[in-house]
Amino acid sequence: LPACLPTTACPACSWYQLGIYYPFFRGHAHLETQRREPWLFGEDTTRRIREAIRGRYALLPYIYTLFRHTNQTGVPLMRPLWFDFPEQTRLYGVEEEFLLGPAILVKPVVQAGAKSVDVTLPEGGVWYEALGGAAFPGKAGKPLATAVHMDAIPVFYRGGRIVPRR
């Protein structure tokens, strides 16, 4: 996690929830920075961060598979949307979302107190909300307003793809 990790509960949850989708994930900091252990923010935040970390462990088979693919092909694990959808020129300007491999789309929540965020789902298939499983058609020209809550950041699975989990 970045050294600028916020030291209040809400942003701390969001940073952990985002960090689990980065290729390299750890939650420590320099000795001289303000403490930010999950349990310092109260039981609700500790529970949310614990669930995020469990989600990371569940995704390790997928992440390790991506690392192997990257090693063999040079294709990055984390990539902009246009990387997998180069024909969709509207995606060239989408800078606040990324794909983890070809199957997982992640939308970080970076605005404190946000109630919703707009998510751009690439065209040509169905995307499934990771938390609830709701299906949404991809519409690169029309962002999907997605509610933000403390339990998870917006993450979508691409229909027709396999995401090995443990």
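You'll find the structure just up there.
Residues numbered from 1 in each chain as written. Predicted model: local features only at pLDDT ≥ 70, side-chain atom pairs only at ≥ 80, totals over all residues. Heavy atoms only, no water.

## Remarks on the nonpolar core
A general feature of soluble globular proteins is that nonpolar side chains tend to end up buried together.
At step 1: Counting residues in hydrophobic clusters, the biggest one holds 36 residues, and the most contacted among them are Y21, L100, I104, L105 and V106.
At step 2: If you list the elements that add at least two residues to this core, you get α1 (9–19), α2 (43–73), β2 (98–100), β3 (104–106), β4 (116–119) and β8 (155–158).
At step 3: A per-element tally of this core places α2 first, with six residues.
At step 4: Discounting residues that sit within four places of it in the chain, Y21 has contacts with R56, L59, M78, F98, L100, I104, V106 and V155. (Core = buried A, V, L, I, M, F, W, Y, C linked by side-chain atoms within 4.5 Å. Buried < 20%, exposed > 50% of the residue type's maximum accessible area, 1.4 Å probe, protein only. Helix = DSSP H or I, 4+ residues; strand = E, 2+ residues; numbered from the N terminus. Contact = heavy atoms within 4.5 Å.)

## Quick look at the packing of aromatic side chains
At step 1: For the structure shown, the criterion picks out six aromatic pairs.
At step 2: For the pair Y16 and F25, a centre-to-centre distance of 6.2 Å together with 75° between the ring planes defines the contact as edge-to-face. Each of the two residues, Y16 as well as F25, counts as buried.
At step 3: When the centroid spacing of 6.4 Å and the interplanar angle of 55° are considered together, the rings of F85 and W127 count as tilted. Placement of the pair is F85 in the loop between α3 (81–84) and β2 and W127 in strand β5 (residues 126–129), with a sequence separation of 42 residues.
At step 4: Its relative accessible area of 5% is what places F85 among the buried residues.
At step 5: Since its relative accessible area comes to 1%, W127 is described here as buried.
At step 6: Each residue in the set W82, F83 and Y92 is aromatic and connected to the rest through ring pairs, giving one cluster. (Phe/Tyr/Trp six-rings, centres within 6.5 Å; stacked < 30°, edge-to-face > 60°.)

## Quick look at the sheet that holds strand β6 (residues 135–137)
Strands belonging to one sheet form pairs held by backbone hydrogen bonds; the direction of such a pair is parallel or antiparallel.
At step 1: With respect to topology, six strands assemble into an open sheet ordered β1-β2-β3-β8-β5-β6, the strand pairing being antiparallel. Every interior strand has two partners, whereas the edge strands, β1 (78–79) and β6, have only one.
At step 2: Taken strand by strand, α2 contacts β2, β3 and β8, and its axis lies near 95° from that of β2. (Pairing = 2+ DSSP bridges. Axes fitted to C-alpha atoms, helices over the stretch in contact; angles between N-to-C directions.)

## Considering the layout of surface pockets
At step 1: If you add up the space inside the largest pocket, you get close to 490 Å³.
At step 2: The set of elements that each furnish at least two residues to the lining of the largest pocket consists of α2, β7 (144–147) and β8.
At step 3: Per element, the largest residue contribution to the lining of the largest pocket is six residues, and it comes from α2. (1 Å grid on protein atoms, 1.4 Å probe; cavity = no way out; pocket = protein on both sides within 12 Å on 5 of 7 lines; lining within 4 Å. Points joined across faces, edges and corners; volume = space filled by probe spheres on them.)

## Remarks on α2
At step 1: Helix length check: α2 (31 residues) gives 43 Å between terminal C-alpha atoms against 45 Å at 1.5 Å per residue, within 8%.
At step 2: The sharpest bend along α2 reaches about 50° and sits at L59, with the proline P61 one to four residues further on.
At step 3: Phi turns positive, to about 85°, at G74, one or two residues after α2. (Expected span 1.5 Å × (residues − 1). Bend = angle between axes of the 7 residues up to and from the residue.)

## Here we look at the environment of G125
At step 1: Mapped onto the secondary structure, G125 falls in the loop between β4 and β5.
At step 2: For G125, a relative accessible area of 32% puts it in the partly exposed group.
At step 3: For the pair G125 and G159, spaced 34 residues apart in sequence, the C-alpha separation works out to 6.5 Å.

## Regarding the pairing of β5
At step 1: Summarising the sheet, β5 and β6 pair through three bridges and their orientation is antiparallel. Bridging across to β6, Y128 finds its partner in A135.
At step 2: Between β5 and β6, which follow one another and run antiparallel, lie five residues, and G133 among them has a positive phi close to 85°.
At step 3: Bridge analysis of β5 against β8 gives three bridges, and the strand direction is antiparallel. Following the sheet pairing, Y128 is matched in β8 by Y157.

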